[in-house]
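# Structural overview for review
Residue-level listing of the chains:
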Amino acid sequence: MFGDLFGKLQEAQQKMEEGKERLAHVTVDGEAGDGAVKVAVTGNREVKNITIADHLLTPGNKEELEDLLITALNRALKNAENLWESEMKGLAGGMLGGLGM
């Protein structure tokens, strides 16, 4: 009985790791200022790319750029969080069913 449960727990852990690996290869975006600042992050919430429109790279636009970066980063990270939760929820549902719950 416990051997079977232990095997299922190991299988569940392996599926979680596989899910994290898949998320590392999925990119989600966030943007601000009608696309003037774009941020791409992985499903594991690692920032991969930031694109800034040229007009924001002038000394007079420092504060606007900072605000847009914060907004774009937060949007991208929220999208990644939603993706991560969806992936883990799907895995958890599958694991609980496999454990007879």
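Up top you'll find the structure we're talking about.
All of the points below concern the structure found in this document. (Residues numbered from 1 in each chain as written. Predicted model: local features only at pLDDT ≥ 70, side-chain atom pairs only at ≥ 80, totals over all residues. Heavy atoms only, no water.)

### What about the side chain of Thr 42?
Going by this rule: Secondary structure elements are defined from DSSP: runs of H or I of at least 4 residues count as helices, runs of E of at least 2 residues count as strands, and each element is numbered from the N terminus. Each residue gets one of three labels from its accessible area relative to the maximum for its type: buried under 20%, exposed over 50%, partly exposed in between, using a 1.4 Å probe on protein chains only. Contacts were defined at the residue level, with two residues in contact if any of their heavy atoms lie within 4.5 Å.
Along the chain, Thr 42 falls in strand S2 (residues 37-42). In this structure Thr 42 comes out as buried when scored by relative accessible area, which is 4%. Once residues within four sequence positions are removed from consideration, Thr 42 is found in contact with Leu 23, Ala 24, Val 26, Thr 27, Val 28, Lys 48 and Ala 80.

### Things to note about the sheet that holds strand S1 (residues 27-32)
Just so we agree on the cut-off: Two strands qualify as a pair provided that DSSP identifies no fewer than 2 bridges between them. The angle between two axes is taken between their N-to-C directions and runs from 0 to 180 degrees, where each axis is a line fitted to C-alpha atoms and a helix contributes only its stretch in contact.
If you walk across this open sheet you meet the three strands as S1-S2-S3, and the pairing is antiparallel. The sheet is open, and its two edges are formed by S1 and strand S3 (47-52), each paired on a single side. Averaged over all pairs of adjacent strands, the angle between their axes in this sheet comes to 15 degrees, without regard to strand direction. Direction of pairing for S1 relative to S2: antiparallel, over a ladder of six bridges. The residue of S2 that forms the bridge with Asp 29 is Ala 40.

### Remarks on the nonpolar core
Operational definition: Think of a nonpolar core as a cluster: buried Ala, Val, Leu, Ile, Met, Phe, Trp, Tyr and Cys residues, connected wherever their side-chain atoms sit within 4.5 Å.
Residues Val 37, Val 39, Val 41, Leu 56, Leu 65, Leu 68 and Ala 72 are the most contacted members of the largest nonpolar core, which totals 13 residues. Those elements giving two or more residues to this core turn out to be S1, S2 and helix H2 (62-98). Sequence-distant contacts of Leu 65, that is, excluding residues within four places in its chain, are made with Val 37, Ile 52, Leu 56 and Leu 57.

### Points about the pairing of S2
Along S2, five of the six residues are buried, which leaves the element largely enclosed by surrounding structure. Connecting the antiparallel pair S1 and S2 is a turn made up of four residues, with Gly 33 showing a positive phi of about 65 degrees. Two elements, S2 and S3, share five bridges in a ladder whose sense is antiparallel. The partner of Val 39 across the bridge, within S3, is Ile 50.

### Some points on the pattern of salt bridges
We count it as follows: Here, a salt bridge means any Lys or Arg side-chain nitrogen found within 4 Å of an Asp or Glu carboxyl oxygen.
The tally for this structure, following the rule as stated, stands at five salt bridges. The partner of Glu 11 in a salt bridge is Lys 15, and the shortest N-O contact between them spans 3.4 Å. With a gap of four residues between them, Glu 11 and Lys 15 both fall in helix H1 (residues 2-24), about one helical turn apart. Take Glu 11: its relative accessible area is 40%, and that puts it in the partly exposed class. Across the pair Arg 45 and Glu 81 runs a salt bridge whose closest N-O atoms are separated by 2.3 Å. Here the residue Arg 45 occupies a position in the loop between S2 and S3, and Glu 81 occupies one in helix H2, the gap between them amounting to 36 residues. You can call Glu 81 partly exposed: its relative accessible area is 23%.

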